[in-house]
Amino acid sequence: MADNSEYLYAVNSFPVSEYKVTKRDLRAHGITKPSFIMDVSWPRLVQFYLPASSICQEFRPNFIHVAKEIKHRSFYTPVEFHVVSCLVHRALCEDFEVEGVPHLVAFKAGTTKGKVLLREHDNTIDINHVSDELDILLKTSDEEHRIPRPEHHDIAISKNVHFPQYQQQFDYNDAFLSLYHTLNTNIHQGNKPVSTERRLAFIEWMDLLYWTLPSYWDVHQLITDIRSNMRAVVLSSDNLKEILERHGPPTMAWSESCHGVNDKEEYICGLWKLFHIISVGVAEQHQRVLGEKSRISMRHIAFVYQYFVQHFVVGEEFQKEFLEKFENCAYDRCSRLEPYRLTSASWQQLALWLWELHNGLSVELLKQRYPDATKKQINWIQWPAPSVCPDCWQSEDLWIEDNIYSYLKQVYWPKDVQNARWVVLDKFHENKTDTNASRVYGIAPLLIFTMCILSVWYFIINKWKFKKSGRYKKEDCCQTGSIAY
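Residues numbered from 1 in each chain as written. Predicted model: local features only at pLDDT ≥ 70, side-chain atom pairs only at ≥ 80, totals over all residues. Heavy atoms only, no water.

Student: Just to check I follow, could you spell out the state of the cysteines for this structure?
Tutor: Note: disulfide means a covalent bond formed between the sulfur atoms of two cysteine side chains. Overall, the coordinates contain 4 disulfides when judged by the stated rule. Each sulfur in the disulfide pair Cys258 and Cys269 lies 1.9 Å from the other. Taking the torsion about the S-S bond as the criterion, the Cys258 to Cys269 disulfide, at about -75 degrees, is left-handed. Of this pair, Cys258 sits in the loop between α10 (237-246) and α11 (263-285) while Cys269 is found in helix α11, placing the two residues 11 residues apart along the sequence. Residue Cys258 shares its accessibility class with Cys269, and that shared class is buried. In this model, Cys329 is linked to Cys334 through a disulfide, with the two sulfur atoms separated by 1.6 Å. Taking the sign of the torsion about the S-S bond as the criterion, the disulfide between Cys329 and Cys334, at about -50 degrees, is left-handed. (Disulfide = S-S within 2.5 Å. Helix = DSSP H or I, 4+ residues; strand = E, 2+ residues; numbered from the N terminus. Buried < 20%, exposed > 50% of the residue type's maximum accessible area, 1.4 Å probe, protein only.)

Rendered as structure tokens:
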């Protein structure tokens with residue numbers, strides 16, 4: 001394992017990712033192209049450098065600054081920034097014909113062919129030049145501050161009030177922050193490897209996030225990094241924390257719509273937002289998923305939610321209530337979430353079921369805290385309120401399904417056209433973490449095929465030897481004579 005003296009960006013370099021490959025990775029997988037080259041979902045800017053070079057050392061602050069600015073100002077397009085130490089990865093630098101450092105290569109989305117970028121005379125790079133080469137749009141500084149913050153609400157329990165027109169970016173950050181908190185505190189139990197059951201639940205959850213969340217959301221950089229290094233992530237909490245250091249949320253505080261009595265309530269609020277974003281993503285993006293169809297059925301996805309809450313969610317009260325409702329098929333879960341759905345409207349049932357469950361648990365929590373709560377207060381705690389979405393409610397207790405989903409989509413899904421991308425899910429997902437298992441499952445069909453070929457060859461050789469010996473002629477003769485006699 002190389003130490004930090006061989007790297008310039010190993011620490012305090014977010015959002016720049018240092019490319020590291022352990023000797024164990026090389027033994028297991030051989031020398032292959034890095035994932036940031038082969039994964040063409042997003043634009044990428046890659047720097048090749050030498051840690052001892054004074055020019056590279058001087059360039060480091062500027063490169064990190066440019067990365068932060070582009071990450072913050074890019075329009076609906078996650079941009080990845082990677083660096084490669086030529087001291088450690090000499091062969092890779094030779095493949096890219098690196099003659100001088102720092103050496104910059106820009107990769108547009110959808111291609112593995114990069115273009116070399118030149119630095120300015122003062123050893124800097126221009127943000128607009130980088131954005132042009134990556135084919136991305138950047139917001140101006142004025143556009144970054146046009147969206148106002150929502151007003152503060154006095155009642156802490158009312159975490160369900162949303163402002164669809166200008167709240168979405170805060171909802172996304174709340175969801176990101178709760179996911180980040182879960183990954184940082186509750187995936188590993190100590191520094192031991194994750195158990196098999198928890199490992200499979202974690203893999204399923206990360207795959208679900210990968211194909212359901214909006215494609216432009218910066219959280220994809222974190223998800224991709226974890227999925228690409230899943231075996232190392234589940235082996236040690238240090239490996240996971242190293243990735244988390246590279247991909248933090250934009251801010252480390254929940255928005256005012258999630259302000260509660262304590263951090264646990266704010267965490268649960270952000271978690272609900274993440275759940276709703278995923279559920280809308282299931283309805284909007286399921287047609288872009290190829291491969292194992294059973295893993296994109298609503299029933300399977302509901303169980304992925306269950307296993308995530310069971311193994312990883314922080315908060316015993318929320319855990320207990322969610323799992324109890326799930327196991328008791330509350331809100332008609334067992335019949336409305338069929339394994340396969342054919343219409344677009346039926347794919348909305350997961351989002352609607354989660355919405356009902358969220359409202360139901362909020363009402364129960366209100367009644368526990370305030371046993372004397374009035375009917376008006378109970379109706380007020382449910383969302384969306386009639387004043388926010390008058391078309392969602394036919395009466396106080398009767399809601400209109402299509403309008404509720406339209407509201408959920410308006411709140412949790414981007415209005416703009418997104419980059420179309422296809423995702424392929426495999427059937428045997430355990431092989432993402434178990435190299436030996438994947439090797440066995442890959443060799444088994446070859447062994448069976450080889451045995452079949454050898455059996456056929458053995459049969460043909462024996463038949464040829466039998467004919468050559470002439471024994472079949474003697475047997476035919478004797479059999480013919482006996483019949484004649």
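So, next bit.
Student: When you look at the pattern of salt bridges in this model, what are you seeing that I'm missing?
Tutor: It is possible for side chains bearing opposite charge to pair when their charged atoms get close. Applying the stated criterion to the full structure yields 12 salt bridges. The partner of Lys273 in a salt bridge is Asp174, and the shortest N-O contact between them spans 2.7 Å. Note that Lys273 is positioned in helix α11 and Asp174 in helix α6 (residues 168-185), a separation of 99 residues in sequence. Residue Glu242 pairs with Arg246 through a salt bridge whose shortest N-O separation is 3.7 Å. (Salt bridge = Lys/Arg side-chain N within 4 Å of Asp/Glu carboxyl O.)

Student: I tried to follow the sheet that holds strand β3 (residues 80-85) on my own but got confused; where do I start?
Tutor: By definition, the strands of a sheet pair up through backbone hydrogen bonds, in either a parallel or an antiparallel sense. Ordered by their spatial adjacency, 5 strands build an open sheet running β1-β3-β2-β4-β5, and the pairing between neighbours is mixed. Each edge of the open sheet is held by one strand with a lone partner, namely β1 (16-18) and β5 (115-117). Across the sheet, the axes of successive neighbouring strands diverge by a mean angle of 30 degrees, strand direction being ignored. Where β1 and β3 come together, 3 bridges link them in parallel fashion. Looking across to β3, one finds that Ser17 is bridged to His82. Packed onto the sheet, helix α5 (residues 127-134) meets β2 (44-49), β4 (103-107) and β5 and runs at close to 180 degrees relative to β5. (Pairing = 2+ DSSP bridges. Axes fitted to C-alpha atoms, helices over the stretch in contact; angles between N-to-C directions. Contact = heavy atoms within 4.5 Å.)

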